[in-house]
Amino acid sequence: MENLMFSLNATVPVFAMMVLGYLFGRLGIMTADFADKLNRFVFLIPLPVLLFRDLSKEDFFSAWDGTYVLFCFAASLVSILAAAGVSLLIRERGVRGEFTQSAYRSSCALLGVSFVENIYGQAGAASLMILGAVPLYNVAAVVVLTFLGKENPRGDRKLVGRTLRGVVTNPIILGIVAGLLWSVLRLPQPPVLEKTVSSVAALASPLGLMALGASFDPRQTSAQMGRAALCALMKLVLFPAAFLPLAVALGFRGEKLVAALVMLGAATTVSCYTMARSMGHRGDLTAGAVMLTTLLSAFTLTGWLWLLRMGGYV
């Protein structure tokens, strides 16, 4: 019972904020346009500041774990390749790219930070997970949406260039790098700066989760729900089952293991739909995958966390 309560205390507050955002959206308090702008605000300011705050206070040489970053990169890469391989079994070429992106791409930045911070009070390990996974996520999304499911696939140099620039200038990545440099150089933080940074950082999780909830629309039904269910199975069950034992075997524990769990088993990010639509895909499969994984991840993440707690790993 104690382990179950630990798991519920870790997951329920996170999903409760999303439910609150969803209710605000249905009541018209948070419109779709407002939720989009709030999502962008959190991505640009509070979330990078939160990651900077937590890393800048750490001792870089004790906080850095190259093996963990490499594990996150490798697990993400294998997940992408596995999803792409399964997508080749789909006869309808036009949805292969959507299937691949929906099956591997988690909302790991916001949810990873929220989960780790909710349990451990700071998000240092989530930053390392983001470094290992998010740049690869973004580049792979462009590749699979361009080359999978196209009748006449061809590269778009401008699109690839914009994606690479986007990775380099990603505010979350910049916040992590700035925090690491601050830690390496052991720069002091005057009280005024420290309090300001902490106040801005405190906005990241509540505002981001409510905006995510307000963006969720269960009325987005899809003729691709069978394939969306397969995406959900891979995203929420198969990938965590494949890589969490490896993470445990490599010695990752506590917040690093929780961050890896979110990377592997969190819901498909809503940005997948926007990206799929912007690159000429219908978006039906993506919308269904986002809906299913968001609904089911409240239960699967709690279950995985309970199993890890039972094993004494978190």
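See the structure printed just above.
First, a word on scope: everything that follows refers to the structure included in this document. Quantities reported herein were computed from a predicted structural model and do not represent experimental measurements.

Here the focus is the overall build of the protein. Looking only at helices and strands, one finds 16 helices and zero strands in the protein. Scaling as 2.2 N^0.38, a compact globule of 314 residues should have a C-alpha radius of gyration of about 20 Å, and the protein matches this with 19 Å. With the C-alpha coordinates aligned to their principal axes, the bounding extent of the protein is approximately 55 × 50 × 45 Å. Out of the 314 residues belonging to the protein, those deemed buried represent 51%. Restricting the contact set of the protein to residue pairs at least 6 apart, pairs at least 24 apart contribute 87%. As displayed, the protein offers around 14,100 Å² of accessible surface, 68% of which is attributable to carbon and sulfur atoms.

Its place among the elements puts Pro48 in helix H3 (residues 46-56). For the pair Pro48 and Ala204, spaced 156 residues apart in sequence, the C-alpha separation works out to 8.6 Å. Setting aside residues up to four positions removed in sequence, Pro48 forms contacts with Val42, Phe43, Pro171, Ile172 and Gly175.

Counted under the stated rule, the structure contains eight salt bridges. Among the ionic pairs, Arg53 bridges to Glu117, the shortest N-O distance being 3.3 Å. Of this pair, Arg53 sits in helix H3 while Glu117 sits in helix H7 (residues 108-120); the two residues are 64 residues apart in sequence, bridging distant segments of the chain. Across the pair, Glu117 and Arg53 agree in class, each one buried.

We describe a pair of aromatic rings using the distance from one ring centre to the other and the angle between the two ring planes. Tallied over the entire structure, the rule returns five aromatic pairs. Centre to centre, the rings of Phe52 and Trp182 are 5.3 Å apart; their planes meet at 90°, and the pair counts as edge-to-face. Of this pair, Phe52 sits in helix H3 while Trp182 is found in helix H10 (residues 171-185), placing the two residues 130 residues apart along the sequence. Look at Phe52 and you get buried, because its relative accessible area is 12%. Through a chain of ring-to-ring contacts, the aromatic side chains of Tyr68, Phe71 and Phe252 assemble into a single cluster. Between the NZ or CZ atom of Lys256 and the centre of the ring of Tyr68, over which it lies, the distance is 6.0 Å. Positioned above the aromatic ring of Phe6 is the side chain of Arg309, whose terminal nitrogen or guanidinium carbon lies 4.0 Å from the ring centre.

Bringing the environment of Thr31 into the picture now. Residue position: Thr31 is located in the loop between helix H1 (2-26) and helix H2 (32-44). Among the residues examined, Thr31 registers a relative accessible area of 42% and is labelled partly exposed. Residues Thr31 and Val258 lie 227 residues apart in sequence; the distance between their C-alpha atoms is 32 Å.

A positive phi angle is found at Arg186, which is not glycine, with a value near 55°. Looking at the secondary structure, you find Arg186 in the loop between H10 and helix H11 (191-201).

As for its placement among the helices and strands, Ser7 is situated in helix H1. Excluding residues within four positions of it along the chain, Ser7 makes contact with Thr302, Leu305 and Trp306.

Take a nonpolar patch on the surface next. Together, Met1, Leu4, Met5, Trp306, Leu307 and Met310 make up an exposed nonpolar region whose accessible area comes to about 610 Å². Listed by contribution, the elements that provide at least two residues to the nonpolar patch are H1 and helix H16 (284-310). When residues in the nonpolar patch are grouped by element, the largest group, three residues, is from H16. On the secondary structure map, Leu4 appears in helix H1. For Leu4, a relative accessible area of 34% corresponds to the partly exposed category.

A separate point is the environment of Val113. Tracing the sequence through the fold places Val113 in helix H7. Between the C-alpha atom of Val113 and that of Phe243, which follows or precedes it by 130 residues, the distance is 20 Å. Residue contacts for Val113: discarding those within four places in its chain leaves Leu47, Leu50, Leu51, Cys108, Ala123, Ala126, Ile130 and Ser205.

Taking 1.5 Å per residue as the helical rise, helix H8 (residues 124-147) with its 24 residues ought to reach 34 Å, and the 35 Å between its terminal C-alpha atoms agrees with that figure. Counting buried residues in H8 gives 19 out of 24 residues, a clear majority hidden from the surface.

Mapped onto the elements of the fold, Thr294 is located in helix H16. Separated by 2.6 Å, the side chain of Thr294 and the backbone oxygen of Val290 make a polar contact. Beyond its immediate stretch of four places on either side in the chain, Thr294 contacts Phe15, Met18, Phe216 and Ala267.

Another point: the packing of H1 against H16. It is the contact of H1 with H16, at a shortest axis distance of 8 Å, that shows an interaxial angle of 150°. Taken together, the axes of H1 and H16 lie roughly antiparallel to each other. Handedness of the H1/H16 crossing: right-handed. Residues Glu2, Asn3, Leu4, Phe6, Ser7, Leu8, Ala10, Thr11, Phe15 and Met18 of H1 form the contact with H16, whose participating residues are Thr294, Ser297, Ala298, Leu301, Thr302, Leu305, Trp306, Arg309 and Met310.

Calculation criteria
Residues numbered from 1 in each chain as written. Predicted model: local features only at pLDDT ≥ 70, side-chain atom pairs only at ≥ 80, totals over all residues. Heavy atoms only, no water. Helix = DSSP H or I, 4+ residues; strand = E, 2+ residues; numbered from the N terminus. Rg over C-alpha atoms; globule rule 2.2 N^0.38 Å. Buried < 20%, exposed > 50% of the residue type's maximum accessible area, 1.4 Å probe, protein only. Contact = heavy atoms within 4.5 Å. Areas by Shrake-Rupley, 256 points an atom, 1.4 Å probe, with all protein chains shown as cover. Salt bridge = Lys/Arg side-chain N within 4 Å of Asp/Glu carboxyl O. Phe/Tyr/Trp six-rings, centres within 6.5 Å; stacked < 30°, edge-to-face > 60°. Lys NZ or Arg CZ within 6 Å of the ring centre and 35° of its normal. Patch = residues over 30% accessible without salt bridge, like charges linked within 9 Å, V, L, I, M, F, W, Y side chains within 5 Å. Expected span 1.5 Å × (residues − 1). Polar contact = N/O pair within 3.5 Å; in protein donor to acceptor, adjacent residues only side chain to side chain. Axes fitted to C-alpha atoms, helices over the stretch in contact; angles between N-to-C directions. Parallel < 35°, antiparallel > 145°, perpendicular 65-115°, else oblique. Left-handed = near helix turned anticlockwise from the far one by under 90°.

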